[in-house]
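One-letter residues, chain by chain:
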Amino acid sequence: MKTLLLAALCACAAPSALAMDQATLLASPERYLVVYADEAERVYADRETLTRRPFQGGEAVAFTMYAETYKYRPGTADYREDTLVANIQRYDALLTADTDGKTYRLEKRLRDVWDRDGHRIGGSAWCGPLSMAKGEEIYINLHRTTEAAARQRGAT
């Protein structure tokens, strides 16, 4: 009985242990790479979760993706007080790139949603707006960033 209670408490505590907030994303640019941005969102790839493997004439890249979505109609106060971010969404992402045909496909599965301060506000059944990030742009930015890092390591 005690074991069952302990397991239930651990399961309840797990989501908060994985919480993400805006400050964490901005404080670690070497880990959380900005790979896409538009007027609705900014998307980060967690460099520590990046894995690459060959994929039928191209490449597949798996990673954890965070999308900071902005408020729909921000006001002057939102810019002044830096409260533009409405929420942060975490996805398990798989990006496949067929370099011969130049086709890119981003598959993503929503896992969690937090407010800008890291308080959980939703899970995989979130009904709010989802990330509209484009696979081609993410692939190009991931490639450029990882190639630059590899060159830098080789130069030192």
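Definitions and cut-offs
Residues numbered from 1 in each chain as written. Predicted model: local features only at pLDDT ≥ 70, side-chain atom pairs only at ≥ 80, totals over all residues. Heavy atoms only, no water. pLDDT = per-residue confidence, 0-100. Helix = DSSP H or I, 4+ residues; strand = E, 2+ residues; numbered from the N terminus. Contact = heavy atoms within 4.5 Å. Core = buried A, V, L, I, M, F, W, Y, C linked by side-chain atoms within 4.5 Å. Buried < 20%, exposed > 50% of the residue type's maximum accessible area, 1.4 Å probe, protein only.

> How should I be thinking about the confidence of the model for the protein in this particular structure?
Close inspection of predicted coordinates is inappropriate in any region flagged by low pLDDT. When pLDDT is averaged along the protein, the result is 83; 83% of the residues meet or exceed 70. Confidence scores differ between elements of the protein, with helix H1 (residues 2–17) showing the lowest mean pLDDT of 36 and strand S2 (residues 41–46) the highest of 96. Ignoring residues within four places in sequence, the model shows residues 1–17, a span with pLDDT below 50, making two contacts including any to other chains.

> Would you take a moment to explain the nonpolar core for this structure?
Soluble globular proteins: nonpolar side chains tend toward being buried together. Formed by 21 residues in total, the largest nonpolar core has its most connected members in Val43, Phe63, Met65, Leu106, Ile138 and Leu142. Among the secondary structure elements, those contributing two or more residues to this core are strand S1 (32–37), S2, strand S4 (58–70), strand S5 (85–98), strand S6 (103–114) and helix H4 (135–155). Not counting chain neighbours up to four residues away, the residues in contact with phenylalanine 63 comprise Ala45, Thr49, Leu50, Tyr91, Asp92, Ala93, Leu95, Leu106, Ile138 and Leu142. Counting residues in each nonpolar core, the second largest holds eight residues, with Met20, Tyr44, Val85 and Trp114 among its members.

> In this structure, what is going on with unusual backbone geometry? I would like to understand it.
Leave glycine aside and you will find that most residues have negative phi; peptide bonds, for their part, are mostly trans. Backbone geometry at aspartate 82 places phi at a positive 55 degrees, although glycine is not the residue there. Structurally, aspartate 82 can be placed in the loop between helix H3 (76–80) and S5. Residue classification places aspartate 82 among the partly exposed residues on the basis of a relative accessible area of 42%.

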